[in-house]
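Structural description and commentary
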Amino acid sequence: SPTASFLDTQTYLESCQRYDMEVGRDFINTPPVKTVRFGDTVVNTLAKLKQGDTSDYEMIKHQLSDPDIKDAQIINWLQEFRTCVTQLGKDHEQLIYVVLRLPWLGRTQAVVDEYLAFLSNLVSAQTVHLRPCLKMVFPTVCPFQMYVDLPRIFEHCHQALQMIARYVPSTSRFLMPILTENFPFVQKSPRTLECYVHNLLRITVYVPALRKDVLELIVSKMLALDVSAPRSEIEEVESSGEQDQGGKAHDDFLFDMDEDEDSAVTSPTGLHSSAMLHPVAERLDTLMGVLLAFVKDMCHVNGSLDTEKAKALYRDLVGVFDRLVLPTHASCHVQYYMFYLCSFRLGLAEAFLDHLWKLLQNPSQPPITRQASASYMGSFLARAKFLPVATVKACLDLLVSWLHLYIDSQDSGLKAFCDVSLHGPFYAACQAVFYTLIFRHKAILEGSMKAGLDYLQRLNLERIVMCRLNPLKVCLPAVTNMFAAITRKYQLVFCYTIMERNNRCVLPVVRSSVGGDSLSTNTNPLDTFFPFDPYLLKRSRKLFESIYQVWEEPSDCALDVRSKDVRKVNILASSVPEVWTSLSSQMDQSQCDPYTPLHSHRWTSLSVTRTHPCTVTDGPVSVGTVQTTYLDNL
């Protein structure tokens, strides 16, 4: 099965040397098999070719290209070529190409062993043929429809690649372009993509130098699928329930005429009953399952977390995150590989938050990168169920302290007015704080209401809300309304006066100057999305049920809200659809989140000492002593 444990690859790594010795002994002790053939021997044919006689040379190529060639003939030819492999230089590229194309997969074990022995001799003696060898071996992983015993076929392909990599240290430099070139089109069937991606990841087990590049290749292809399947589109197709997987559902999407014949094959990762109706989402669900299985297998040994392996994989994946995922707007699911990895150990989660924080506060980073980092930080703090309250408070201290310093540096200057283009990172950080408090205020207040309220009051949220930069005007209405209701409930901040003033300043646009339909007001000037909104892919979603914080409607926070302050707000597709429908609906509807936790993990709380700086502007913030364990101290 393509979804077998990636650690199974290591079972034959230790036996390679013994295998080579056994093949060598068999070659010496076994006489050539008698078969019918035409022309002279390979050695004599190569000698004749030097003298200009090409008749036997062409006859050999013709016999090797016979589609009905027998196993005994293949073995005989390969043994003969092994005796003169040192003579097969660059001048014999055509002959080598024909030999490498011999149908060795799906044959008897004797044919496979002889072919692998020939490969080892060829790449050892003639490294000029390394690229053709790699091209001939790896593409056989993709067109698997012709084979029945796929695990055996894949095993032989990886055995050949591993043998080449062991004899030629520079294999990784030549192999990566071939892997990229042969990646199937993203609209191929889920089965084709699953097999290819699984085998790519399996290569990284015995060629670890390729892991970062392979992960980057896979994530880039998955992002292409992710952004082409918006959340609203997936929800619409899945909720309809009227289209079946093999019928009209596929006719509504572009490029589905490229589906392979094997699209009807049941994937080994799940049953048809759990398949996504949306075809692009179904492909993405399959690939996410493979990637997450790889992440788990690489970090665990015999069911226990291997800290060093987890740290090494984290460094590779966070590098891919910075290059590909973070700059991609409105991806819905691919970024969850970081969420899943961080759930293995609290130190990994804190290292990820620290990484995002450094990007946010770094003024040399592009504003769009800083805003995206703030969105990821806020969404991760809100949704990561495995984060203890101490870690959430530590991150809130960092964010709020930086916001106060930013206000100190800007509130009295010439740019102290509401402008997203000037203060984008500031508004994104404000929204991250508001969003985190919406989800985590109950946890902060649990245990000791007095201590929790004292902590929230020390954050001095009123100064942030009432500053001249006016963050309530820029943040999403869904977030500001819920934040206003919660803070009013606990008498932390009274936001409604500012919200009323902001509403009066936004004049409705009836028509454009050139005519046409009415225009709506932009309610998302930050172009914000929350990266860890609910996960929609059915099969791989099961991995997050116990570690994901679902939205719990805080109906008690709206008991004191006056009716004139209750307004419906339209939630954009990129915002949090389940956070806020309307304040008026909080009193009479319960939350129907599609994800119910199966169990809760226990995490060790960390003691946090907080101090607030007062001398830094928009540069890096040094916030006292945070007694947390980051990646280097795992």
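Since the structure is predicted, the reported quantities are computational estimates derived from the model, not experimental observations. (Residues numbered from 1 in each chain as written. Predicted model: local features only at pLDDT ≥ 70, side-chain atom pairs only at ≥ 80, totals over all residues. Heavy atoms only, no water.)

**With respect to the overall build of the chain**
What counts here: Numbering of helices and strands runs from the N terminus, with a helix taken as a DSSP run of H or I at least four residues long and a strand as a DSSP run of E at least two residues long. Throughout this description, buried means an accessible area under 20% of the type-specific maximum (1.4 Å probe, protein chains only), exposed means over 50%, and partly exposed covers the range between. Should any heavy atoms of two residues lie within 4.5 Å, those residues are considered in contact.
Helix and strand counts for the chain come out as 23 helices and two strands. Counting every position in the chain, which comprises 634 residues, the buried fraction comes to 53%. Here the analysis covers contacts within the chain between residues at least 6 apart in sequence; of these, 78% occur between residues at least 24 apart.

**What about the environment of Leu49?**
By the element assignment, Leu49 lies in helix H2 (residues 42–50). When neighbours within four sequence positions are excluded, Leu49 is seen to be in contact with Thr54, Tyr57 and His92.

**Observations concerning helix H6 (residues 109–125)**
Every α-helical turn comprises 3.6 residues, leaving residues that sit three or four positions apart pointing alike. What counts here: What a helix should span is 1.5 Å times the count of its residues minus one.
With 17 residues, H6 should reach 24 Å at 1.5 Å per residue; the first-to-last C-alpha distance of 24 Å fits that figure. Turning to H6, its buried residues number three or more, namely Val111, Val112, Glu114, Tyr115, Leu116, Ala117, Phe118, Leu119, Ser120, Leu122 and Val123.

**Things to note about the side chain of Gln431**
Filter applied, for reference: Within 3.5 Å is the distance limit for a polar contact, defined as a pair of N or O atoms, with the added protein rule that one can donate a hydrogen and the other accept it, and that residues adjacent in sequence qualify only through two side-chain atoms.
Inspection of the secondary structure assignment puts Gln431 in helix H19 (residues 420–445). Separated by 3.1 Å, the side chains of Gln431 and Thr528 make a polar contact. Discounting chain neighbours no more than four positions away, the residues touching Gln431 are Cys475, Leu476, Val479, Leu526, Thr528 and Phe530.

**Describing the nonpolar core**
Applied cut-off: By convention a nonpolar core is built from buried Ala, Val, Leu, Ile, Met, Phe, Trp, Tyr and Cys residues, the set being connected through side-chain atoms within 4.5 Å.
Counting residues in hydrophobic clusters, the biggest one holds 183 residues, and the most contacted among them are Phe81, Leu179, Tyr337, Phe339, Phe380 and Leu387. With 13 residues, the top contributor of residues to this core is H19. Among residues more than four places away in sequence, those in contact with Leu179 are Phe138, Tyr196, Leu200, Ile203, Leu210, Val214 and Leu217.

**Some thoughts on helix H17 (residues 367–383)**
With 17 residues, H17 ought to run about 24 Å at 1.5 Å a step, and its terminal C-alpha atoms sit 24 Å apart, in line with that. Most of H17 sits out of view: 15 of its 17 residues are buried.

**A closer look at the environment of Leu217**
Structurally, Leu217 can be placed in helix H11 (residues 211–227). Residue Leu217 is classed as buried on the basis of its relative accessible area of 8%. Remark: the alpha-carbon pair of Leu217 and Thr180, spanning 37 residues in sequence, is separated by 7.1 Å. Setting aside chain neighbours within four positions, we find Leu217 in contact with Met176, Leu179, Thr180, Phe183 and Leu200.

**Side note on the packing of aromatic side chains**
As a reminder, the rule being used: Only centres within 6.5 Å qualify two rings of Phe, Tyr or Trp (six-membered ring in Trp) as a pair; their planes then separate them into stacked at under 30 degrees, edge-to-face at over 60, and tilted for everything else. Charges are assigned to positions over rings by a cutoff of 6 Å between ring centre and Lys NZ or Arg CZ, combined with an angular limit of 35 degrees from the ring normal.
Throughout the structure, instances matching the rule amount to 32 aromatic pairs. Consider the rings of Trp77 and Phe81, whose centres lie 6.3 Å apart with planes at 35°: the pair is tilted. Here Trp77 and its partner Phe81 are both found in helix H4 (residues 71–83), four residues apart, which amounts to about one turn of the helix. Each of the two residues, Trp77 as well as Phe81, counts as buried. Aromatic side chains Phe494 and Tyr496 sit 5.7 Å apart centroid to centroid with 70° between the ring planes, which places their arrangement in the edge-to-face category. With a relative accessible area of 32%, Phe494 lands in the partly exposed category. If you follow Lys393 out to its NZ or CZ, it ends over the ring of Tyr455, 5.0 Å from the centre.

**Notes on the pattern of salt bridges**
The criterion, for reference: Between Lys or Arg on one side and Asp or Glu on the other, a salt bridge is scored when a side-chain nitrogen of the former is within 4 Å of a carboxyl oxygen of the latter.
Considering all chains together, one arrives at 14 salt bridges under this definition. With a shortest N-O distance of 2.5 Å, Glu155 and Arg202 are connected by a salt bridge. Taken together, the positions of Glu155 in helix H8 (residues 150–167) and Arg202 in helix H10 (residues 190–206) put the pair 47 residues apart, joining distant regions of the chain. By relative accessible area, Glu155 is classed as partly exposed at 24%. Note that Lys358 is salt-bridged to Asp354, the shortest N-O span being 3.2 Å. With Lys358 and Asp354 both in helix H16 (residues 346–361) and four residues apart, the pair spans about one turn of that helix.

**Observations regarding the packing of helix H7 (residues 130–137) against H8**
The following threshold applies: Fitted lines through C-alpha atoms serve as axes, helices being fitted only where they are in contact, and the angles separating the N-to-C directions of these axes extend from 0 to 180 degrees. Roughly parallel refers to an angle under 35 degrees, roughly antiparallel to one over 145, roughly perpendicular to one between 65 and 115, and oblique to any angle outside these ranges. Definitions for this section: a left-handed crossing has its near helix turned counterclockwise from the far helix by less than a right angle. A right-handed crossing has that turn clockwise. Polarity classes work like this: nonpolar for Ala, Val, Leu, Ile, Met, Phe, Trp, Tyr, Cys and Pro, charged for Asp, Glu, Lys and Arg, and polar for all others, with Gly in that last group.
One can describe the packing of H7 onto H8 by two numbers: an axis separation of 10 Å at closest approach and a directional angle of 165°. With respect to H8, the element H7 is oriented roughly antiparallel. Relative to H8, the crossing made by H7 is left-handed. Contacts from Leu130, Cys133, Leu134 and Val137 of H7 reach H8 at Cys157, Ala160, Leu161 and Ile164. For the contact of H7 with H8, the per-class residue count stands at eight nonpolar, no polar and no charged.

**Here's the deal with unusual backbone geometry**
Of note, Gln491 is a non-glycine position whose phi angle comes to about 55°, a positive value. By secondary structure assignment, the location of Gln491 is in the loop between helix H22 (477–489) and helix H23 (496–505). Backbone geometry places Asp527, a non-glycine residue, at a positive phi of 55°. The residue Asp527 is located in the segment after H23 in this model. On the basis of relative accessible area, Asp527 is assigned to the partly exposed category, the value being 48%.

**Section: the side chain of Ser540**
Tracing the sequence through the fold places Ser540 in the segment after H23. When its relative accessible area of 3% is taken as the criterion, Ser540 is described as buried. Reaching out from Ser540, the side chain makes a polar contact with the side chain of Asp285 at a distance of 2.7 Å. Residues in contact with Ser540, not counting those within four places in the same chain, are Asp285, Met288, Gly289, Leu292 and Tyr535.

**Observations concerning the environment of Arg283**
Position of Arg283 among the secondary structure elements: in helix H13 (residues 279–299). A relative accessible area of 1% means that Arg283 is categorised as buried. Taking the C-alpha atoms as reference points, Arg283 and Thr192, separated by 91 residues in sequence, lie 9.6 Å from one another. Within the local environment of Arg283, its side chain forms a polar contact with the side chain of Gln187, the two groups lying 2.9 Å apart.

**Observations concerning the confidence of the model for the chain**
Note the cut-off: What pLDDT reports is the predictor's confidence in each residue, on a scale of 0 through 100.
Across the chain, the average pLDDT comes to 79, with 71% of residues at or above 70. Averaged pLDDT values for the elements of the chain fall to 49 in helix H1 (residues 16–29) and rise to 98 in helix H15 (residues 336–342). Every residue in residues 248–272 scores below 50 in pLDDT, and together they form 52 contacts with partners more than four places removed in sequence or on other chains. For the stretch residues 557–629, pLDDT sits under 50, and the model shows 163 contacts to residues farther than four places along the chain or on other chains.

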